[in-house]
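Each chain, letter by letter, is given below.
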Amino acid sequence: MDDFVSQVNGVGALAEPARRALYLYVAAQSEPVSRDRAAEGVDLPRHTAKFHLDKLVKEGLLDTEFRRLSGRRGPGAGRPTKLYRRSARQVTVTLPERRYDLAGQILAAGVDLAAGEGTPVLDAVRRAATAAGRRLGAAQNRRAGASAAVTPDDVMTALAALGYEPRPQGDVTVLANCPFHALAREHTALVCGMNLQLIEAMLDELGNPSVQARLDPAPERCCVTLTRE
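Presented here is a report on the structure given in the accompanying data block. (Residues numbered from 1 in each chain as written. Predicted model: local features only at pLDDT ≥ 70, side-chain atom pairs only at ≥ 80, totals over all residues. Heavy atoms only, no water.)

A separate point is the side chain of R98. Residue position: R98 is located in the loop between β3 (81-86) and α5 (100-117). No salt bridge is formed by the buried R98; the nearest opposite charge belongs to E165, separated by 6.9 Å. Engagement of the side chain of R98 in a polar contact is seen with the side chain of N177, the distance being 2.4 Å. Sequence-distant contacts of R98, defined by excluding residues within four places in its chain, comprise N177, C178, P179 and H181. (Helix = DSSP H or I, 4+ residues; strand = E, 2+ residues; numbered from the N terminus. Buried < 20%, exposed > 50% of the residue type's maximum accessible area, 1.4 Å probe, protein only. Lys, Arg positive; Asp, Glu negative; His and termini not counted. Salt bridge = Lys/Arg side-chain N within 4 Å of Asp/Glu carboxyl O. Polar contact = N/O pair within 3.5 Å; in protein donor to acceptor, adjacent residues only side chain to side chain. Contact = heavy atoms within 4.5 Å.)

We now examine the packing of helix α7 (residues 152-161) against helix α9 (residues 188-206). Running from N to C, α7 and α9 point in directions that differ by 140°, and their axes come no closer than 11 Å. As the angle between them shows, α7 and α9 are arranged oblique. Classified by chirality, the crossing of α9 by α7 is right-handed. Note on element contacts: α9 touches α7 through I199, M202, L203 and L206, opposite V155, A158 and L159. The residue inventory of the contact of α7 with α9, partitioned by class, reads seven nonpolar, no polar and no charged. (Axes fitted to C-alpha atoms, helices over the stretch in contact; angles between N-to-C directions. Parallel < 35°, antiparallel > 145°, perpendicular 65-115°, else oblique. Left-handed = near helix turned anticlockwise from the far one by under 90°. Nonpolar A, V, L, I, M, F, W, Y, C, P; charged D, E, K, R; others polar.)

Our next topic: the pairing of strand β5 (residues 172-175). Bridging between strand β4 (residues 166-169) and β5 involves four bridges; their strand directions are antiparallel. The partner of P166 across the bridge, within β5, is L175. Two successive antiparallel strands, β4 and β5, enclose a turn made up of two residues, where G170 displays a positive phi of approximately 70°. Summarising the sheet, β5 and strand β7 (residues 224-228) pair through three bridges and their orientation is antiparallel. Directly across from V172, in β7, lies its bridge partner T227. (Pairing = 2+ DSSP bridges.)

Attention shifts here to the sheet that holds strand β2 (residues 62-67). The three strands are arranged β1-β3-β2 in an open sheet whose pairing can be described as antiparallel. The sheet terminates laterally at β1 (33-34) and β2, the two strands that pair on one side only. Strand direction decides the pairing type here: β2 and β3, joined by six bridges, are antiparallel. By the bridge assignment for β3, T64 is matched with Y84.

Nothing here speaks to function; it is geometry throughout.
Written out as structure tokens, the structure is:
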């Protein structure tokens, strides 16, 4: 959720027209640009450009560096100029939340396995999904701390962070959102199997055997549901 809020804030920073114009101008340049050059490029006063450029830096959309533009060194060379360039950060916000980046990583890893070992593609994708689930579970354990016992609520929090939107319905918890929705519509068997392997491996790594995942397809939700033993 923190990452999602950060993404929304990043998009929100570009809603202001002058800020968006500055971002697009800086992003289009082949080299980092000074505050004066950026202001001139979008026809803004220098102090206005400074405010918006620094806001974009704060939101992680621009990076800065300092360099003497004259190329001179030593006494009398002047102070280095603050320069702005587009950051490596990528901002994508979808509602409901989708994780096509994660799906792409799993599928690419599966293809690599299949090509390198001669493994059937479906088996390779499931292995890649299992490995990804273990990594995600291990990361959640590190955040929680080694001494903390994982509760069913912790499991639901971890799934919610991936965009699954867990919702209890009696003894069953349904996952109201599939983070791989568009892929699941076109490649249902492949993506549902990937979902199940990912979630099972994450639950196993989290170490709370009271929560079990099973394949239980239904319209307009994830094909996996959870039960508590």
